[in-house]
Amino acid sequence: MERRDKNNYYLDIAETVLERGTCLRRDFGAIIVKNDEIISTGYTGAPRGRKNCSDIGVCIRKKLNVKRGTHYELCRSVHAEANAIISAARNEMIGSTLYLVGKNAESHEYVEKAFPCSMCKRLILNSGIEKIVIRDDEKNFREIEIKDWIEDDDSLRGEIEY
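Database annotation for the protein, UniProt heading Sequence similarities (unreviewed entry): "Belongs to the cytidine and deoxycytidylate deaminase family." Under the heading Cofactor (unreviewed entry), UniProt records this for the protein: "Zn(2+)".

Structure (structure tokens):
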């Protein structure tokens, strides 16, 4: 029996975390790993104490047919990456890897070309996370070195976002 590689092992865990998501549009799960230890997890959902979209039965961005990657100020949810970062101490995140998996809430298909939004990119930059691994499908993933964002400062402007 072939042993699961570490990237897919951690992505599998992030995929399990996304099952706690409460977004009616897209669910994401994130885990932060350092020295082969999970230091934090996060999923997409409303801030603590507020009702989730799944509780109230409506996603305002979905209802208004808001284009992917725009008008996040209308969303009730905190992104998975942000929730994972909020739940960890910065000194634990320095040099860590963030694993990210997204699925469409209705079809359960992987989010095509998933990528952190511009706000989450800023949080990732400040957190000290060194690398992101994003699942594209059951076996394939992309790796992003955060130093590349720093070297290419224009990258904060326009990649595909969820």
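### Some details on the UniProt feature "binding site: Zn(2+)" (unreviewed entry) in the protein
Mapped onto the present numbering, the UniProt feature "binding site: Zn(2+)" (unreviewed entry) falls at His79, Cys117 and Cys120. The largest pairwise C-alpha distance within this set of annotated residues, which runs over 42 residues, is 8.9 Å, so the set is compact in three dimensions. Among the residues just listed, His79, Cys117 and Cys120 line the second largest pocket. Residue classification places Cys117 among the buried positions, given a relative accessible area of 4%. The exposure class of Cys120 is buried, given its relative accessible area of 2%.

### Quick word on the UniProt feature "active site" (unreviewed entry) in the protein
Within this numbering scheme, the UniProt entry marks Glu81 as carrying the feature "active site" (unreviewed entry). Structurally, Glu81 is set in helix H4 (residues 80-86).

### Topic: the environment of Asn7
For Asn7, the position within the fold is in helix H1 (residues 6-18). Not counting the four nearest positions on each side in its chain, Asn7 is found in contact with Tyr99, Val133, Phe141 and Glu143.

### As for the nonpolar core
It is characteristic of soluble globular proteins that their nonpolar side chains tend to be buried jointly. Core analysis: the largest hydrophobic core is formed by 20 residues, its most contacted members being Ile32, Leu98, Ile124, Ile129, Ile132, Ile134 and Trp149. Those elements that provide at least two residues to this core are strand S1 (26-34), H4, strand S3 (97-104), strand S4 (131-135) and helix H7 (146-151). Every residue in contact with Ile132, bar those within four places of it in the chain, is listed here: Leu98, Pro116, Ile124, Arg142, Glu143, Ile144, Ile146 and Trp149. Membership of the second largest hydrophobic core comes to ten residues, among which are Val17, Tyr99, Val101 and Val133.

### Describing a nonpolar patch on the surface
Together, Ile60, Leu64 and Leu74 line one region of the surface with nonpolar side chains, adding up to about 240 Å² of accessible area. Here Ile60 is to be found in helix H3 (residues 60-63).

Conventions and cut-offs
Residues numbered from 1 in each chain as written. Predicted model: local features only at pLDDT ≥ 70, side-chain atom pairs only at ≥ 80, totals over all residues. Heavy atoms only, no water. UniProt positions renumbered as here; feature names shortened; annotations may be inferred. 1 Å grid on protein atoms, 1.4 Å probe; cavity = no way out; pocket = protein on both sides within 12 Å on 5 of 7 lines; lining within 4 Å. Buried < 20%, exposed > 50% of the residue type's maximum accessible area, 1.4 Å probe, protein only. Helix = DSSP H or I, 4+ residues; strand = E, 2+ residues; numbered from the N terminus. Contact = heavy atoms within 4.5 Å. Core = buried A, V, L, I, M, F, W, Y, C linked by side-chain atoms within 4.5 Å. Patch = residues over 30% accessible without salt bridge, like charges linked within 9 Å, V, L, I, M, F, W, Y side chains within 5 Å. Areas by Shrake-Rupley, 256 points an atom, 1.4 Å probe, with all protein chains shown as cover. Salt bridge = Lys/Arg side-chain N within 4 Å of Asp/Glu carboxyl O.

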